[in-house]
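The residues making up each chain are set out below.
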Amino acid sequence: MLGGVAAVGLSATGGAGYAALVEPQWPALDEVEVPVRGLSAQYDGFTLAHISDLHRGLHVSIDAVDRAVRLALSRTVDANVLTGDYISGSAEYAHSCARSLAPLTARRPTLACLGNHDHWTDADRVSRVLADVGVTVLRNAAYEVNDGLWIAAVDDVWEGHADLEGALEEVPDSATVVLLAHEPDYADQVASDGRAALQLSGHSHGGQVWLPFIGPPVLPYLARKYPRGLYSVGGMSLYVNRGVGLIEPAVRFNCRPEVAILTLRAA
Ligand SMILES: [Fe+2]
């Protein structure tokens, strides 16, 4: 009996240690084929490296950011996309985070949106620091990444800064649009608008803890409907990245940090 109690105690301690110390430092490179409505044949196979929720700060070291960047650089892709929450607690962390991200921009166009944590610290400063290393930060704006293929982004939804009309203002009707929006549940609104063929998001961290048969015990506001992975929302595809970093409680279980390599497929 005592042996059984000790075993349960040891495995609980081991599980907590694993969730606090091992899994958060163990990023996965997830390769996903994403159907994109109306994508022309010339862009079938277009690839994006997708990084989200770095949360550089007290709980996320620069080593964790560097590891994610190395994973992204390990594949040849056409562009990088970053979906917000670069820092936690202070915009000071944006400088080291941006320096780590700089190698991405040296090779490929790198487009980004902002998240709620960027706004909760200093969105203008985070934005400026990222721009200084060559990241194109889109705040209700769009960028033609290739002829007829646009990447647009809304500013943070939670903080009330998202303006889909503004983001798509310059995009021609004939274009294929990939929309960056930090909060995934915004997809319902984007899908009903009908102009974006794909939305890329983060924010949920996949729940950080994903219990077998139960799922995530806690999900943040605006990430409860679409917590992780690939969805079809009213004919639009949505991909929700589990993110690189974390917030308190600083654990991950059955929900490894993620760098995604997305291959767009004509659908
Ligand atoms: Fe967030």
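Read on for a plain summary of the structure. Everything quoted here is computed from the prediction, not taken from an experiment.

1. Some words on the coordination of the iron ion
Part 1 of the reasoning: The coordination sphere of the iron ion contains the protein donors Asp85 (OD), Asn116 (OD1), His182 (NE2) and His203 (ND1), at a distance range of 2.1 to 2.3 Å.
Part 2 of the reasoning: Bound by four donor atoms, the iron ion shows angles of 87 to 169° at the metal and therefore irregular coordination geometry.
Part 3 of the reasoning: Read from N- to C-terminus, the donor residues coordinating the iron ion fall into the pattern D-x30-N-x65-H-x20-H. Placement of aspartate 85 in the loop between strand S3 (79–83) and helix H3 (93–107) and of asparagine 116 in helix H4 (residues 116–121) is noted, with a sequence separation of 31 residues between them.
Part 4 of the reasoning: For aspartate 85, a relative accessible area of 1% puts it in the buried group.

2. A look at the side chain of aspartate 155
Part 1 of the reasoning: Within the secondary structure layout, aspartate 155 lies in the loop between strand S7 (149–153) and helix H6 (164–168).
Part 2 of the reasoning: Among the residues examined, aspartate 155 registers a relative accessible area of 5% and is labelled buried.
Part 3 of the reasoning: Within the structure, aspartate 155 has its side chain in polar contact with the side chain of histidine 119 (distance 2.8 Å).
Part 4 of the reasoning: Of the polar contacts made by the side chain of aspartate 155, one reaches the side chain of arginine 139; its length is 3.0 Å.

The rules behind each value
Residues numbered from 1 in each chain as written. Predicted model: local features only at pLDDT ≥ 70, side-chain atom pairs only at ≥ 80, totals over all residues. Heavy atoms only, no water. Donors = N, O, S within 2.8 Å, 3.2 Å for Na, K, Ca; no water. Tetrahedral: all angles 85-135°; square planar, octahedral: opposite > 155°, others 65-115°. Helix = DSSP H or I, 4+ residues; strand = E, 2+ residues; numbered from the N terminus. Buried < 20%, exposed > 50% of the residue type's maximum accessible area, 1.4 Å probe, protein only. Polar contact = N/O pair within 3.5 Å; in protein donor to acceptor, adjacent residues only side chain to side chain.

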